[in-house]
Amino acid sequence: MNEFDQRLTQYGIYATNTQISIGKDRISVFGNAIIEKIDFKILQEKGIKDLDIRVNEIKNIIFTKDVLLDMSFSGVTFINEIKASSKFIGELVFSGCTFKEEVNFQQANFENFICSRVTFEKQVSFLGAVFGNTENKKEISFSNVAFLNEVVFSKAIFSSNIDFYKGYFQKELKFNRAKFKCDKANFYIECKDKVAFIGAIGKNITIIESNFENNLILGVTFDLLNIIDSEILKDLTLNNSTGHNIEIINSTIEKNTDLSFLSANNISLNNSTFKGEISLSINNFTLTQNINFKDITFGKLYISKELFIKSVNFERCIFLQDMNFKDYTFNEVAFNTCTFKESVYFNNSWFKKEVDFHECEFEKTACFYGVQFDEIPNFSQALFKSNINVINSNLNFGFTRVDKKIQLMSLQGKGKYNYEIANDFRDSFRNFKSALIKDNNLLEASNFHKYELYCKEIELKNKKGKTLKDIVDKWQLFFYRKLCDHHTDLLKVFHNLLIIIMLFSIFSFVLDKFKQPSIENNAKYHIVQVDTNESYIFKEHNKTTYNFLSLNIEQEFKNLDNLLSKTEVYFSFGFVLLVTFVALLNKKYLWLLFLPLFAGVVYCVGFPMSIITHFMIIMLFACTFVFIMVFDSKPKRFLFVSVSYIVCIFALLAKPSLMLPVFGSFLEKDSNTTYPLLLSLSVVYFILVALVIFSLQKTARKNSIVPS
């Protein structure tokens, strides 16, 4: 062996075959030199501040407690084990080097550390090491570094930004209880064995374009965690993690994943694939603000109930296996544009706020058994390819509730007119209806058809530029909603039938009272002298016409001729007062004022007063029925329905022919008392009753347990 270069030995460098450059405070060693030993204590005593080594081989390095110089090693093969618990003040660079034996920098302190194109063949330990400082914020870099054995950064402190670029880890990589005090820590790595960040703390941790063939365990406390464009072929575990923002983007996790957080403000998983089981839970859920899953493919997904206390959004996600959300409570949740490849179960769950299922595809069973929806769900453009179960769900939404929801959404700056939002909700209910019809559940389907018509009415009500057909359709929907709730409320349509019978009975009695024949016709009609206790007012042949109020006929008809001459005026004036009162009571019925206005115009034109009176009385009868029919409030409607029961029962007992419009008079032996006005009113009554009875039988048939 050649003797050591005497020019270097005085500086503590023992080398052969050297090419050197020695300056005032700088030494460069290069060429095919082989360095037996470097003693940094002697170097620093000689005042050297910069050491540049570009040689083939270094066997041994002796570090002092503090290394106060910049060092650069290029293309060097380190033969022996390296140990250092020193403080490196200055830049330490390893470029194109190979470490044949273990490297131990436990408790070392690096002001600036750069490692590029380096291979560590044995175990490397930076246990408790400190990288950078909070003052100069120089970057710590491991670029294109291959670690062929275990690497330990446990309890290390990174005060400067750290970058692992294209790192290769053959064995286990540990960052347990490491502290990333830097602004960012980037990992662009490939790992063949387990990677653990258990108990690590950091601000911004980014794992980008990385491949993990074994477990990745992230039990960290952080401000932001990003996993981007990465592939995890086995397990991903975020265990007892705490932080503000979590993002997993464009990544593939082949097997099991356990994401368990102590707390987090925002969690985002985007454009990723979880082929194995994924379990998500948050223990301290009060700090969680938003959880977002976008473009995710899930294998088997388990989500803790606590996770849904805050806002959770699934967007364009694919669920490959059965999803079980039984007995869950959802606060704010969206599953929009998701695909459920297998069955999904929300049995007995509670959606406290609006849930969004728009454009979802359910390829197997969608079970909403016993679900409680506090707000109207959005299922617009959803597709149910198989069965749907909504038994015992509270999908019972009144018109007012649907209308208020649509109005509220219109005021939230969604950039749509009301009728467009109404159309979206109509599509939601149509999807339910179609799925239930396919399941042959016609009874439940009729309810969703009802909601569909609600939305159509709201759409027409708010639509701009209505056509005549739109106006007619709108009022038709309004009429059938009030009459029978679109053939779904049997009791409602029956009560409306009683109301119309009650009105006709009252109108018939009043008109019959005021249209009795004159005194001159007493002999013809056989008016008899009666007292106030008798129950009939006159007899005609063998027919008895009953007086409901036991009136004294002789007293009543003393001034009958004068009364008849003023009948038209009384009815007309009363009609005008009633219509005006109704219109002023509710602005929705201001259009009723056109009726007396129309009558006045017709009278001025020259129509006979009797014809106008007939018209106004008939319109009064029809409008009164509609006016009572539209009442939805329980006190008012209960009052009218109660009166209707009483009047109808009395009419049934006293004069049942009243209940058979037009045809009822033919049951009598003589119809001489039927006069034009009562006949006209009877025809209108017949039309209305026919319409109501048609709705009654249709509603009864729809509510029948026997399939139609």
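Structure shown above.
Residues numbered from 1 in each chain as written. Predicted model: local features only at pLDDT ≥ 70, side-chain atom pairs only at ≥ 80, totals over all residues. Heavy atoms only, no water.

## Digging into the side chain of Ser 505
Selection rule: Each helix is a run of H or I in the DSSP string that is no shorter than four residues. Each strand is a run of E no shorter than two, and both are numbered from the N terminus. Polar contacts, as counted here, are pairs of nitrogen or oxygen atoms within 3.5 Å of one another; within protein the pair requires one atom able to donate a hydrogen and one able to accept it, and residues that are adjacent in sequence qualify only if both atoms are side-chain atoms.
Looking at the secondary structure, you find Ser 505 in helix α7 (residues 490-514). Of note is the side chain of Ser 505, whose polar atom sits 2.8 Å from the backbone oxygen of Ile 501.

## Some details on the packing of helix α3 (residues 399-410) against helix α5 (residues 442-462)
Spelled out, the test is: Each axis is a line fitted through C-alpha atoms, and for a helix only the stretch in contact is used; angles between axes span 0 to 180 degrees, taken between their N-to-C directions. Roughly parallel means an angle under 35 degrees; roughly antiparallel means over 145; roughly perpendicular covers 65 to 115; every other angle is labelled oblique. Helix crossings fall into two classes, left-handed where the near helix is turned counterclockwise from the far one by less than a right angle and right-handed where it is turned clockwise. In this analysis, two residues are considered to be in contact whenever any of their non-hydrogen atoms come within 4.5 Å of each other. Residues were grouped as follows: Ala, Val, Leu, Ile, Met, Phe, Trp, Tyr, Cys and Pro as nonpolar; Asp, Glu, Lys and Arg as charged; and all remaining residues, including Gly, as polar.
Between α3 and α5, the shortest axis-to-axis distance is 10 Å and the interhelical angle comes to 50°. Classified by the interaxial angle, the pair formed by α3 and α5 is oblique. You can see that α3 and α5 cross each other, and the crossing is right-handed. Residue-level inspection shows Phe 399, Val 402, Asp 403, Ile 406 and Gln 407 of α3 in contact with α5, the latter providing Tyr 454, Cys 455, Glu 457, Ile 458, Lys 461 and Asn 462. In the contact of α3 with α5, the residues fall into 6 nonpolar, 2 polar and 3 charged.

## Observations concerning the sheet that holds strand β49 (residues 366-367)
We apply this condition: DSSP calls a pair of strands paired once it identifies at least 2 bridges connecting them.
The 4 strands lie next to each other as β41-β45-β49-β52, forming an open sheet whose pairing is parallel. Edge strands, defined here as strands with exactly one partner in the open sheet, are β41 (323-324) and β52 (388-389). As paired elements, β41 and strand β45 (residues 344-345) share 2 bridges and run parallel to each other. Note on β45: the bridge partner recorded for Met 323 is Val 344.

## Section: the packing of aromatic side chains
What counts here: Here the aromatic set is Phe, Tyr and Trp, taking the six-membered ring for Trp, and pairing holds for ring centres within 6.5 Å; pairs whose planes are under 30 degrees apart are stacked, those over 60 apart are edge-to-face, and all others are tilted. Buried residues are those whose accessible area, probed at 1.4 Å on protein chains only, stays under 20% of the maximum for their type, while exposed residues exceed 50% and partly exposed ones sit between those limits.
A complete count under the given rule lists 93 aromatic pairs for this structure. Judged by centre distance (5.0 Å) and plane angle (90°), the ring pair of Tyr 165 and Tyr 188 falls under edge-to-face. Residue Tyr 165 is found in strand β23 (residues 162-169), and its partner Tyr 188 is found in strand β26 (residues 185-191); the two are separated by 23 residues along the sequence. Judged by its relative accessible area of 32%, Tyr 165 falls in the partly exposed class. Ring geometry for Phe 357 and Phe 362: centres 6.1 Å apart, planes at 45°, overall tilted.

## Here's the deal with the packing of α5 against helix α6 (residues 468-484)
For the pair α5 and α6, interaxial distance at closest approach is 9 Å and the crossing angle is 140°. Comparing their axes, α6 and α5 come out oblique. Between α5 and α6 lies a crossing of left-handed hand. Packed against α5, whose contacting residues are Leu 453, Tyr 454, Lys 456, Glu 457, Leu 460 and Lys 461, the element α6 presents Asp 470, Asp 473, Lys 474, Leu 477, Phe 478 and Arg 481 at the interface.

## A short note on the nonpolar core
This is how it is decided: Here, nonpolar core refers to any group of buried Ala, Val, Leu, Ile, Met, Phe, Trp, Tyr and Cys residues whose side-chain atoms link them within 4.5 Å.
Core analysis: the largest hydrophobic core is formed by 136 residues, its most contacted members being Phe 73, Phe 142, Phe 180 and Phe 314. Ranked by residues supplied to this core, first place goes to helix α4 (residues 418-438) with 7 residues. One finds Leu 483, Ile 500, Val 641 and Leu 696 within the second-largest nonpolar core, a separate group that totals 31 residues.

## Quick word on unusual backbone geometry
The residue Lys 155 is not glycine, and still its phi comes out positive at about 65°. Considering the arrangement of structural elements, one finds Lys 155 in the loop between β21 (151-152) and β22 (157-158). Not every positive phi belongs to a glycine, and Asn 392 is a case in point at roughly 65°. Secondary-structure assignment places Asn 392 in the loop between β52 and α3. Residue class for Asn 392 comes out exposed when judged on its relative accessible area of 53%.

## So, the pattern of salt bridges
What counts here: Take a side-chain nitrogen of Lys or Arg and a carboxyl oxygen of Asp or Glu: if they are within 4 Å of each other, that pair is a salt bridge.
For the structure shown, the criterion picks out 29 salt bridges. Of the charged contacts in the structure, one is a salt bridge between Arg 7 and Asp 5, with a shortest N-O distance of 2.9 Å. Classification of Asp 5 by relative accessible area gives buried; the value is 12%. A salt bridge links Lys 59 to Glu 36; the nearest nitrogen and oxygen atoms lie 3.4 Å apart. Residue Lys 59 is located in the loop between β6 (57-58) and β7 (61-62), and its partner Glu 36 is located in strand β4 (residues 34-39); the two are separated by 23 residues in the primary sequence.

## So, the environment of Val 390
Tracing the sequence through the fold places Val 390 in the loop between β52 and α3. Overall, the relative accessible area of 4% leaves Val 390 in the buried class. When near neighbours in sequence (up to four residues on either side) are disregarded, Val 390 contacts Phe 368, Leu 395, Phe 432, Leu 436, Glu 444 and Phe 448.

## What to know about the pairing of strand β3 (residues 26-30)
Across 4 bridges, the pairing between strand β2 (residues 19-22) and β3 is antiparallel. Residue pairing across strands places Ser 21 opposite Ser 28, the latter belonging to β3. If you look at the hairpin formed by β2 and β3, you'll find 3 residues sitting between the two strands. Where β3 meets strand β5 (residues 50-54), 5 bridges bridge the pair, whose relative direction is parallel. By the bridge assignment, Arg 26 is partnered in β5 with Asp 50.

## Considerations on a nonpolar patch on the surface
Test applied: Patch members must show over 30% relative accessible area and no salt bridge, and they are joined within 9 Å when carrying like charges or within 5 Å when they are nonpolar side chains of Val, Leu, Ile, Met, Phe, Trp or Tyr. Using a 1.4 Å probe, the Shrake-Rupley method yields the accessible areas, and only the shown protein chains count as cover for residues.
A grouping of Leu 491, Phe 494, Tyr 645, Ile 646, Ile 649 and Leu 653 is seen on the molecular surface, where their side chains present a nonpolar patch of about 620 Å² in accessible area. Of all elements in the fold, only α7 and α13 (634-654) reach the threshold of two or more residues within the nonpolar patch. Inspection of the secondary structure assignment puts Phe 494 in helix α7. Take Phe 494: its relative accessible area is 32%, and that puts it in the partly exposed class.

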